[in-house]
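# Fold and geometry: a report
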Amino acid sequence: MKNKENWLPTKFVYRNGKLKASRDKKEVTVSSRLATNITAEFYQKELSNYAKGKLLDLGCGNVPLYATYKDLVEDNFCVDWQDSMHLNKYLDLNADLNKPLELSDNEFDVIITSSVLEHIRRPELMMSEMARVLKPKGVMLLNVPFYYCIHEEPHDYFRYTEFALQAMTEEAGMKVLSLKATGGAPEIIADIFAKNLKVIPLIGKPLVRFIQWSTWVFVHTGIGRKISNKTAKKFPLGYTVIAEKV
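Rules used in this analysis
Residues numbered from 1 in each chain as written. Predicted model: local features only at pLDDT ≥ 70, side-chain atom pairs only at ≥ 80, totals over all residues. Heavy atoms only, no water. Helix = DSSP H or I, 4+ residues; strand = E, 2+ residues; numbered from the N terminus. Rg over C-alpha atoms; globule rule 2.2 N^0.38 Å. Buried < 20%, exposed > 50% of the residue type's maximum accessible area, 1.4 Å probe, protein only. Contact = heavy atoms within 4.5 Å. Areas by Shrake-Rupley, 256 points an atom, 1.4 Å probe, with all protein chains shown as cover. Lys, Arg positive; Asp, Glu negative; His and termini not counted. Charge placed at Lys NZ, Arg CZ, Asp CG, Glu CD. Patch = residues over 30% accessible without salt bridge, like charges linked within 9 Å, V, L, I, M, F, W, Y side chains within 5 Å. Salt bridge = Lys/Arg side-chain N within 4 Å of Asp/Glu carboxyl O. Axes fitted to C-alpha atoms, helices over the stretch in contact; angles between N-to-C directions. Parallel < 35°, antiparallel > 145°, perpendicular 65-115°, else oblique. Nonpolar A, V, L, I, M, F, W, Y, C, P; charged D, E, K, R; others polar. Pairing = 2+ DSSP bridges.

### A word on the overall build of the protein chain
When helices and strands are tallied, the protein chain shows 7 helices and 9 strands. Here the C-alpha radius of gyration of the protein chain, 18 Å, is about what a compact globule of 246 residues would show, namely 18 Å. Across its three principal axes, the protein chain shows a C-alpha extent of roughly 50 × 40 × 35 Å. Sorting the 246 residues of the protein chain into buried and exposed places 50% on the buried side. Taking all contacts inside the protein chain whose residues are at least 6 apart in sequence as the whole, residues at least 24 apart take part in 68%. Accessible surface computed for the protein chain: about 12,600 Å², of which carbon and sulfur atoms make up 56%. For the protein chain, the separation between the mean place of its 34 positive charges and that of its 29 negative charges on side chains is 8 Å.

Following this line, the structure appears as structure tokens:
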């Protein structure tokens, strides 16, 4: 990664040892904190299990997960589209992720791609490219939304079921180690309410913060976790995938 010494946290920050959504509204809107906290929880846990060697941060943006994996890997390589209006000073490679990557076969131990696949017009190609550049036994970590609003339009193309994710991963030459829903009906309801209530003058944003906080607390209780897990089978907020190159 270029300019490592100038890197600053953006989307994710650490509070009391936990990776959380930033409170900076320019980085995470007030209505997206719940979904972002769920993503943060996944990567904090699983990067500690899998991050090592040379890591590819694919669709890296401002490399928001760098603080989580930097002490676990030997090096990280950052790839994304370059926005000519806002130059990304961290990029090692400016690439169209809908095309083959200018990277060598069997180059990386780990790949992460966070909330990227829904923005790819040729997802099967991206999956096959990730498998190609992974070393044998290398691991990919990925998350995508499912019941979630249209975002970053017009470049929001797909929502994937667990069956599509399983099939694409296996067809690319990777073995699925874990494929889990990230949240169920409680999280979806909270997210929809948050994104629609925030426009109410005076009370909207405080109400949004309360809804998301109370839902986060609820789904971390015994009964809340059971309801979330049971409803996630039919109503997933999103999915996480961990896969290994065979």
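There's plenty left to go through after this.
### Brief notes about a positive patch on the surface
On the surface, Arg23, Lys25, Lys205 and Arg209 cluster together to form a positively charged patch. Structurally, lysine 205 is set in helix H6 (residues 204–219).

### Some words on the pattern of salt bridges
According to the stated counting rule, one finds 10 salt bridges in the structure shown. Note that lysine 4 is salt-bridged to aspartate 75, the shortest N-O span being 3.1 Å. Of this pair, lysine 4 sits in the segment before strand S1 (12–15) while aspartate 75 sits in strand S4 (residues 75–80); the two residues are 71 residues apart in sequence, bridging distant segments of the chain. Put simply, lysine 175 and glutamate 244 hold a salt bridge, and the shortest N to O gap is 3.9 Å. Of this pair, lysine 175 sits in strand S8 (residues 174–181) while glutamate 244 sits in strand S9 (residues 238–245); the two residues are 69 residues apart in sequence, bridging distant segments of the chain. According to the relative accessible area criterion, lysine 175 is partly exposed, its value standing at 42%. Linked through salt bridges whose partners overlap, the residues forming this network are Asp105, Glu129 and Arg132.

### Section: the packing of helix H5 (residues 185–197) against helix H7 (residues 222–231)
Between H5 and H7, the least distance of the axes is 7 Å, while the angle of their chain directions is 90°. Here H7 runs roughly perpendicular to H5, going by the angle between their axes. Counting all contacts with H5, which are made through Ala185, Pro186 and Glu187, the residues of H7 involved are Ile227, Ser228 and Thr231. Partitioning the contact of H5 with H7 into residue classes produces 3 nonpolar, 2 polar and 1 charged.

### Things to note about unusual backbone geometry
In this chain, glutamate 153 is followed by proline 154 through a cis amide linkage whose omega measures 10°. Tracing the backbone through its elements, the reader meets proline 154 in the loop between strand S7 (134–145) and helix H4 (162–171). The backbone of serine 115 sits at a positive phi, close to 55°, despite the residue not being glycine. When you line up the elements, serine 115 lands in the loop between strand S6 (108–114) and helix H3 (123–133). With a phi close to 50°, glutamate 152 is a non-glycine residue in the positive phi region. Take glutamate 152: it is sitting in the loop between S7 and H4. In this structure glutamate 152 comes out as exposed when scored by relative accessible area, which is 54%.

### Observations regarding the sheet that holds strand S3 (residues 54–58)
Strand order in the open sheet made by the 7 strands is S5-S4-S3-S6-S7-S9-S8, with mixed pairing throughout. Where the open sheet ends on each side, the last strands, each with one partner, are strand S5 (93–94) and S8. Bridge count for S6 against S7 is 6 bridges, and the pairing is parallel. For valine 110, the partnering residue across the bridge sits in S7 and is valine 139. In the packing of H3 onto the sheet, contacts are made with S3, S6, S7, S8 and S9, and the angle to S7 comes to roughly 145°.

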